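# Working through the structure, step by step
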Amino acid sequence: MGTFRRTHLTGGHGRDTLTDMEPTIAVGKVIRLERIRRDMKVQELAILAGYTSGYVSSVELGRVVPSLGFLADVGAVLGLSVRYVKEATATDEDREATD
């Protein structure tokens, strides 16, 4: 579950890290990268989690804000907790607010 390091989720092409992204985009990227790591297609994840492939794709692309229910359902399929997704996408400001 903790195989990703935030700074390595960008593919190393000089792009912003997850913590520099809008939260919705960062969450989608975590889901997409974990899905790809598990060699799953969007359609497979959607069926297993109980959503349409269009909705899953929209979340991955940061076009919609996913509900906690969605994160829990997708997380159950991918072996990710909502807490992990939240921590992986937290900004420094988010961390300071919880300290």
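First, a word on scope: everything that follows refers to the structure included in this document. What you are looking at is a predicted structure, and each value in this text was computed from that prediction instead of being measured.

So, about the overall build of the protein. Within the protein, the regular secondary structure consists of 6 helices and 0 strands. Walking the protein from its N terminus toward its C terminus, one meets helices and strands in the order α-α-α-α-α-α. When contacts within the protein are restricted to residue pairs at least 6 apart in sequence, long-range pairs at least 24 apart make up 57% of them. Summed over its atoms, the accessible surface of the protein is roughly 6100 Å², and 51% of this surface lies on carbon and sulfur atoms.

Once that is clear, we can look at the side chain of Ser58. By the element assignment, Ser58 lies in helix α3 (residues 53–60). Contacts of Ser58, omitting those with residues within four sequence positions, involve Arg63 and Val64.

Core analysis: the largest hydrophobic core is formed by 18 residues, its most contacted members being Ile31, Leu45, Phe70, Val74 and Leu78. Only α1 (23–37), α2 (42–49), α3, α4 (68–78) and α5 (82–89) provide two or more residues apiece to this core. Ignoring sequence-local partners within four residues, the contact set of Val74 consists of Ile31, Leu45 and Ala49.

Another point: the environment of Ser58. For Ser58, a relative accessible area of 18% translates into the label buried. Once the C-alpha coordinates of Ser58 and Gly28 are considered, the two residues, 30 residues apart in sequence, prove to be 8.2 Å apart.

Applying the stated criterion across every chain, the model contains 1 cavity of 30 Å³ or more. Here the largest cavity defines a volume of roughly 30 Å³. As for the largest cavity, its lining consists of Ile31, Leu71, Val74, Gly75, Leu78, Leu80 and Val85. By residue number, the principal contributor to the lining of the largest cavity is α4, which donates 4 residues. Across the lining of the largest cavity, the residue classes tally to 6 nonpolar, 1 polar and no charged.

Take the packing of aromatic side chains next. One pass over the full model with this rule turns up 3 aromatic pairs. Ring geometry for Tyr55 versus Phe70: centroids 5.2 Å apart, planes at 80°, classification edge-to-face. You can see Tyr55 sitting in helix α3 and its partner Phe70 sitting in helix α4, a full 15 residues away along the chain. Residue Tyr55 is classed as partly exposed on the basis of its relative accessible area of 27%. Grouped by ring-pair contacts, the aromatic residues Tyr51, Tyr55 and Phe70 constitute a single cluster.

Cut-offs applied
Residues numbered from 1 in each chain as written. Predicted model: local features only at pLDDT ≥ 70, side-chain atom pairs only at ≥ 80, totals over all residues. Heavy atoms only, no water. Helix = DSSP H or I, 4+ residues; strand = E, 2+ residues; numbered from the N terminus. Contact = heavy atoms within 4.5 Å. Areas by Shrake-Rupley, 256 points an atom, 1.4 Å probe, with all protein chains shown as cover. Core = buried A, V, L, I, M, F, W, Y, C linked by side-chain atoms within 4.5 Å. Buried < 20%, exposed > 50% of the residue type's maximum accessible area, 1.4 Å probe, protein only. 1 Å grid on protein atoms, 1.4 Å probe; cavity = no way out; pocket = protein on both sides within 12 Å on 5 of 7 lines; lining within 4 Å. Points joined across faces, edges and corners; volume = space filled by probe spheres on them. Nonpolar A, V, L, I, M, F, W, Y, C, P; charged D, E, K, R; others polar. Phe/Tyr/Trp six-rings, centres within 6.5 Å; stacked < 30°, edge-to-face > 60°.

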